[in-house]
Amino acid sequence: MVASLCCPQCKNKCLSLCTDSRPTSGLAVFAQVNCSSCEEPVYEQYLATKFKSKTKVFDMNRQAVYSSLACGLGATTFRNFCENMDLAGLHHKTFHTHASQLFTQLEGFRKHVFSETVAYVREVHARYCGTTLGVDDTLNIIVSYDGTWLTRGHSSHIGVGCAVDLLTGLCVDAHVMCTYCQVCESTGQKLFQEKPEEYAAWLVDHLDKCEVNYKGSSGMMEVEAARVIWRRSVNTNKLRYTTLLSDGDSKTFTELNDIKPYGEDIHIDKEECVNHVSKRLGTALRNMVTDCRKRGVTLGGRGRGQLTGNAIRKLQIYYNRAIRSNKDVCSMKKAIMASLYHCFSTDENPQHELCPAGESSWCFFQEALAKHQVPGPHKHLIHTPLNEEKLAAHLLPIYERLSEEHLLSRCVSGKTQNANECLHSLIWSRCAKDHFASRSRVEFAVLTAIREFNFGPAAAADSAQFFGFQTGHHMKRLGAARMHKRVRNSLKAVRDKQSKRRDKVRAAKSKRLEELVQLEGGPAYAAGMF
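Residues numbered from 1 in each chain as written. Predicted model: local features only at pLDDT ≥ 70, side-chain atom pairs only at ≥ 80, totals over all residues. Heavy atoms only, no water.

Brief notes about the environment of V135
Tracing the backbone shows V135 in the loop between α4 (106-129) and β4 (139-149). Judged by its relative accessible area of 71%, V135 falls in the exposed class. Put simply, V135 and K238 are 103 residues apart on the chain and 8.5 Å apart in space, counted from C-alpha to C-alpha. Residues within four places of V135 in sequence aside, it is in contact with R122 and K238. (Helix = DSSP H or I, 4+ residues; strand = E, 2+ residues; numbered from the N terminus. Buried < 20%, exposed > 50% of the residue type's maximum accessible area, 1.4 Å probe, protein only. Contact = heavy atoms within 4.5 Å.)

Right, here's the structure in full:
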């Protein structure tokens, strides 16, 4: 197109277009129209728009940094990507400068994310309860609260606490705790050693920018974040988190009732995550096996009836299933103890009194009695046999402790913290656990992850627009496609899970019938067999 045009000075068709990416311009392309006759450039301009009409910032450079952070890429990984794509890339200082400018908008982005979320939560709760909520009315809700850390080992400098509404499954609040500031550790320490007289003035100016907002151990970050979230819930969101679903790993519940964030008259109740409660059984059994081994007692050796790792895993599944399949404490306790005594049972000493009766019972013994049949041998029909003489003294105290009324009463609702765990995976997919990250970087990861968690991948365009970027049909199209794929994979996983479960049930019934036929001396009916 350029070659078909005439030079405005010599009027000859001798123009050529030259494009180049200059190191100082990042990803912006510099275009120059040259005339071979005049031997001088006719026209030159960057083929990129300025970010918010600023003279030195190109829109594509700022948006490239935003996209890198949203995908979990840092400055080094972004430069490696540009290297392999033969792009000019950005210097790491330029990358961090753009990132710092983005981080200045985090407080506004936070209000944008949670205001829309809270409005939807209040609307759903009002519709669910059949009431009308005023603007200033405070709503009591049940939340699942859990903490997560940047690094493992209870020595992390950064921790995050998230509260998820159980009715809607949306995250209504989150808070990031940090004990480390890189500027304080580098610039501050150097200034303190070389120019101590200037350090005090520098520290006063730096306090507003300092990333340290907590001083204490990493284990208490979850508790401290809960204090912040509960104390601001009424003023910020017009919500009261009066019931807490927790995993029991920290003393968050105890601390909240000590500080009484909603006054003396409002008490915070506690519910237990069923998955975490069942994990306590597995942990207790593994610890018991280890302690006995230190004393020279072997409980987990080879052979039938031993407490092996596979047996512990199955007992944990039985315990979880006993809680989920019952809605009152007495039935839960009976089912839990039934799962243990069922495994203790032998032909000489069957102990199935606690097992559910009827033809649909999971217990082969009770099923046979309901059908007026002779129960089969325990050797073949007990899938997790346990040696009662050897293990009863060790297992019964653990089962009695984990089937106490005060614990099971908190599991009646059958709720789990799966939503929190899903949110945590989204957060750390945007901020890798094996690399250092500042508090601002983690807050960016938390807010963008919550935005996607609450409103799906299609909300990426809305987030980009908030930070001042133009969005086209490609962002919306790809976001909608990612959402569609996510829903499709979720439905497929459910179907596969149900299909595998039906196959296992069918195989178990077939195996039980074959064993019963063998006990009766072989098949009694077959076409032409006799």
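Next comes the rest of the description.
Quick look at the packing of helix α11 (residues 329-344) against helix α14 (residues 388-401)
Where α11 meets α14, the closest approach of the two axes is 11 Å, and the angle between their N-to-C directions is 170°. With respect to each other, α11 and α14 are oriented roughly antiparallel. Together, I336, M337, S339, L340, Y341 and F344 of α11 and E388, L391, A392, L395, L396 and Y399 of α14 make up the contact between the two elements. Of the residues in the contact of α11 with α14, the class split is 10 nonpolar, one polar and one charged. (Axes fitted to C-alpha atoms, helices over the stretch in contact; angles between N-to-C directions. Parallel < 35°, antiparallel > 145°, perpendicular 65-115°, else oblique. Nonpolar A, V, L, I, M, F, W, Y, C, P; charged D, E, K, R; others polar.)

What to know about a nonpolar patch on the surface
Residues F81, M85 and L87 make up a contiguous nonpolar surface patch of roughly 300 Å² in combined accessible area. Along the chain, the position of F81 falls in helix α2 (residues 75-84). (Patch = residues over 30% accessible without salt bridge, like charges linked within 9 Å, V, L, I, M, F, W, Y side chains within 5 Å. Areas by Shrake-Rupley, 256 points an atom, 1.4 Å probe, with all protein chains shown as cover. Salt bridge = Lys/Arg side-chain N within 4 Å of Asp/Glu carboxyl O.)

Digging into the pairing of β4
Judged by how many residues are buried, β4 sits mostly within the fold: eight of 11 residues are covered. Here β4 runs beside strand β7 (residues 239-246); their pairing, made up of six bridges, is parallel. Along β7, the bridge assignment pairs I142 with T243. (Pairing = 2+ DSSP bridges.)

With respect to α4
The end-to-end C-alpha distance of α4 is 34 Å, a good match for the 34 Å that 24 residues give at a rise of 1.5 Å each. Of all the residues in α4, the buried ones are L106, F109, R110, V113, F114, T117, V118, V121, R122, V124, H125 and A126. Immediately beyond the C-terminal end of α4, within one or two residues, lies G130, with a positive phi of roughly 75°. (Expected span 1.5 Å × (residues − 1).)

As for the pattern of salt bridges
Applying the stated criterion to the full structure yields 14 salt bridges. Residue R451 is joined to E116 by a salt bridge in which the shortest nitrogen-to-oxygen separation is 3.1 Å. Residue R451 is found in helix α17 (residues 439-455), and its partner E116 is found in helix α4; the two are separated by 335 residues along the sequence. As a salt-bridge pair, D462 and R451 come within 2.5 Å of each other at their nearest N and O atoms. Linking D462 in helix α18 (residues 460-466) with R451 in helix α17, this pair joins segments that are 11 residues apart in sequence. Overlapping salt bridges, with partners in common, bring together K270, E272, R280 and R410 in one network.

Quick notes on the pairing of strand β2 (residues 29-35)
Along any regular strand the residues' side chains alternate between the sheet's two faces. The buried fraction of β2 amounts to five of the seven residues, a majority that puts the element mostly inside the structure. For β2 and strand β3 (residues 40-46), the ladder comprises six bridges, and the chain directions are antiparallel. Paired with V33 across the strands is Y43, a residue of β3. The hairpin formed by β2 and β3 contains four residues between the paired strands, and E39 there has a positive phi angle of roughly 60°.

A look at the nonpolar core
Considering soluble globular proteins, one finds that nonpolar side chains tend to be buried as a cluster. Core analysis: the biggest nonpolar cluster contains 43 residues, and L69, C171, V442, V446 and I450 have the highest contact counts within it. Excluding anything up to four places from it in sequence, V446 contacts V160, A174, V176 and I427. Ranked by size, the runner-up nonpolar core spans 33 residues in total, among them V277, A284, A335 and F344. (Core = buried A, V, L, I, M, F, W, Y, C linked by side-chain atoms within 4.5 Å.)

Description of the packing of aromatic side chains
Scanning the model with the defined rule gives 16 aromatic pairs in all. Look at F109 and F467: their rings are 5.0 Å apart centre to centre, the planes differ by 50°, and that puts the pair in the tilted class. Of this pair, F109 sits in helix α4 while F467 sits in the loop between α18 and α19 (473-519), and the two are 358 residues apart along the sequence. Note on F109: relative accessible area 0%, which makes it buried. Among the residues examined, F467 registers a relative accessible area of 0% and is labelled buried. Measuring from centroid to centroid gives 5.5 Å for Y145 and W230, while their planes differ by 85°, and the two rings are edge-to-face. With Y145 in strand β4 and W230 in helix α7 (residues 221-237), this residue pair connects regions lying 85 residues apart in the sequence. (Phe/Tyr/Trp six-rings, centres within 6.5 Å; stacked < 30°, edge-to-face > 60°.)

Points about the environment of V517
Take V517: it is sitting in helix α19. The class of V517 is partly exposed, set by a relative accessible area of 30%. If sequence neighbours within four positions are ignored, V517 has contacts with G522 and P523.

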